[in-house]
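These are the residues of each chain, in order.
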Amino acid sequence: MQTRQLNGKTALITGSTSGIGLGIAQALAAEGANIVFNGFGEAAQIAELQKQTASQFGVKTAYFGADMTQRQQIEQMMKDAIAQFGSVDILFNNAGIQHVANIEAFPVERWDAVIAINLTSAFHTTRLALPVMQKNNWGRIINIASAHGLVASAGKSAYVASKHGIVGLTKVTALENAQTGITCNAICPGWVLTPLVQKQVDARAAANGISIDQAKRELLLEKQPSGEFVTPEQLGALAVFLCSDAAAQVRGVAWNMDGGWVAQ
Ligand code: NAD
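Just so we're clear, the structure is a prediction, and the values are computed from it rather than from any experiment.

Criteria and cut-off values
- Residues numbered from 1 in each chain as written.
- Predicted model: local features only at pLDDT ≥ 70, side-chain atom pairs only at ≥ 80, totals over all residues.
- Heavy atoms only, no water.
- Near = heavy atom within 4 Å.
- Polar contact = N/O pair within 3.5 Å; in protein donor to acceptor, adjacent residues only side chain to side chain.
- 1 Å grid on protein atoms, 1.4 Å probe; cavity = no way out; pocket = protein on both sides within 12 Å on 5 of 7 lines; lining within 4 Å.
- Sits in = over half its atoms within 2 Å of the grid points.
- Domains from an automatic or database assignment.
- Contact = heavy atoms within 4.5 Å.
- Buried area = accessible area lost by both parts, 1.4 Å probe.
- Salt bridge = Lys/Arg side-chain N within 4 Å of Asp/Glu carboxyl O.
- Helix = DSSP H or I, 4+ residues; strand = E, 2+ residues; numbered from the N terminus.
- Nonpolar A, V, L, I, M, F, W, Y, C, P; charged D, E, K, R; others polar.
- Buried < 20%, exposed > 50% of the residue type's maximum accessible area, 1.4 Å probe, protein only.
- Points joined across faces, edges and corners; volume = space filled by probe spheres on them.
- Pairing = 2+ DSSP bridges.
- Right-handed = clockwise from strand over helix to strand, strands pointing away.

## A closer look at the site of the ligand
Turning to step 1, where the next piece is worked out: Around the ligand, the structure places 30 residues, and the nearest of them are S18, N94, Y159, V192 and T194.
Turning to step 2, where the next piece is worked out: The contact in question runs from a nitrogen atom of the ligand to an N or O atom on the side chain of D67, over 3.0 Å.
Turning to step 3, where the next piece is worked out: In the environment of the ligand, a nitrogen atom lies 2.8 Å from a nitrogen or oxygen atom belonging to the backbone of M68.
Turning to step 4, where the next piece is worked out: More than half of the atoms belonging to the ligand lie within 2 Å of the grid points that define the largest pocket.

The structure is reproduced here in structure tokens:
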């Protein structure tokens, strides 16, 4: 059997109990990386996910339920993951939430939560992962931004600010480590049909009195010229590339995979 390119590496993916994070965890595990899961969900389902990933891909798995709004919990998770595996070689900042409202009506506590989860948590995980990566002179930090890290939409002030912010954090992380084996890049997906987007589809169907299918079509065609969703598997393949030796000089990019969204 061909040697898998991430054998012996450990990847921690925030928000990996669902959606894009789960797709990325599975793609990295398929390349041999041990997986540290994080995110919310039913304890039994998460235990099953861990067990199934370990047996399907022959890797070790762990789960830490740190709430990404809580600095102390993030610090504990990073400490525990590094103690258990020796290092976190691949850090995937993926956990994210959305809230849609115009600025004058935007609930202040939702603003704080979006910024905390989508942006500040990545600062904490990054600052805590870097010392071990620097000691090993190898690391991959990948931040899931969004097409909304590059362009804006009305109603999404906190999300757009957090995603533009994480593109900035990506560039600084890349520059500060440019002469090392540590790279940092952002992936900017367009629409991916995950629970986060399903909520927006359901809200559109209810508001406009249309079917779920029609709401999906309208949502896509408003922004995404391909008219097709990006899939977690496609994002997983890009993640594997960014972790590879071939991507060693890809540094500080915000790589959109968005069906043409930001080409317009
Ligand atoms: P999702 O809702 O399916 O998954 C979000 C994950 O984050 C879940 O595992 C959830 O448990 C976790 N999470 C939420 N709050 C958390 C907290 N406080 N602490 C720890 N974990 C928490 O969403 P998704 O669509 O897979 O989104 C993943 C990332 O991709 C987000 O950063 C999102 O902004 C980004 N993104 C999504 C799309 C899309 O179309 N779905 C497009 C561009 C970017």
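## Topic: the domain arrangement of the chain
Turning to step 1, where the next piece is worked out: Considered domain by domain, the chain is made up of domain 1 (10-190 + 231-259) and domain 2 (191-229).
Turning to step 2, where the next piece is worked out: For domain 1 and domain 2, the distance between their C-alpha centres works out to 25 Å.
Turning to step 3, where the next piece is worked out: Contacts between the two partners involve 18 residues from domain 1, matched on the other side by eleven residues from domain 2.
Turning to step 4, where the next piece is worked out: Buried area between domain 1 and domain 2, both sides added, is near 910 Å², and the carbon and sulfur share of it is 59%.
Turning to step 5, where the next piece is worked out: Put simply, domain 1 and domain 2 have zero salt bridges between them.
Turning to step 6, where the next piece is worked out: Per-element accounting of the side of domain 1 that touches domain 2 gives the leading share, three residues, to helix α8 (residues 232-243).
Turning to step 7, where the next piece is worked out: Looking at the side of domain 1 that touches domain 2 residue by residue, the classes come out as seven nonpolar, nine polar and two charged.

## Considerations on the pattern of salt bridges
Turning to step 1, where the next piece is worked out: Inspection of every chain in the model, using the stated rule, returns five salt bridges.
Turning to step 2, where the next piece is worked out: R71 serves as the salt-bridge partner of E75, at 3.2 Å between the closest nitrogen and oxygen. Linking E75 with R71, this pair stays in helix α3 (residues 71-85), spanning four residues, or about one helical turn.
Turning to step 3, where the next piece is worked out: Taking the relative accessible area as the measure of exposure, E75 reaches 25% and is therefore partly exposed.
Turning to step 4, where the next piece is worked out: The class of R71 is partly exposed, set by a relative accessible area of 41%.
Turning to step 5, where the next piece is worked out: The residue E75 makes a salt bridge to R127 at a minimum N-O spacing of 2.8 Å. Of this pair, E75 sits in helix α3 while R127 sits in helix α4 (residues 108-136), placing them 52 residues apart in sequence.
Turning to step 6, where the next piece is worked out: For R127, a relative accessible area of 31% puts it in the partly exposed group.

## A closer look at empty space enclosed by the protein
Turning to step 1, where the next piece is worked out: In the structure shown here, the tally under the stated rule is one cavity of 30 Å³ or more.
Turning to step 2, where the next piece is worked out: There is about 40 Å³ of room inside the largest cavity.
Turning to step 3, where the next piece is worked out: If you go around the largest cavity, the residues you meet are T14, N93, N94, A95, I117, N118, S121, A122, I144, K163 and I166.
Turning to step 4, where the next piece is worked out: Only α4 and α5 (157-176) provide two or more residues apiece to the lining of the largest cavity.

## Comments concerning the pairing of strand β2 (residues 34-38)
Turning to step 1, where the next piece is worked out: Most of β2 is tucked away, with five of its five residues classed as buried.
Turning to step 2, where the next piece is worked out: Sheet topology note: the strand β1 (residues 10-13)/β2 ladder contains four bridges and is parallel. Bridging across to β2, I13 finds its partner in F37.
Turning to step 3, where the next piece is worked out: Handedness of the β-α-β unit built from β1, helix α1 (residues 19-30) and β2 comes out right-handed.
Turning to step 4, where the next piece is worked out: In this sheet, strand β3 (residues 61-64) lies alongside β2 in parallel orientation, the contact comprising four bridges. Residue pairing in the sheet places F37 in a bridge with Y63 of β3.
Turning to step 5, where the next piece is worked out: Each parallel crossover has a hand, and the one from β2 via helix α2 (residues 43-57) to β3 is right-handed.

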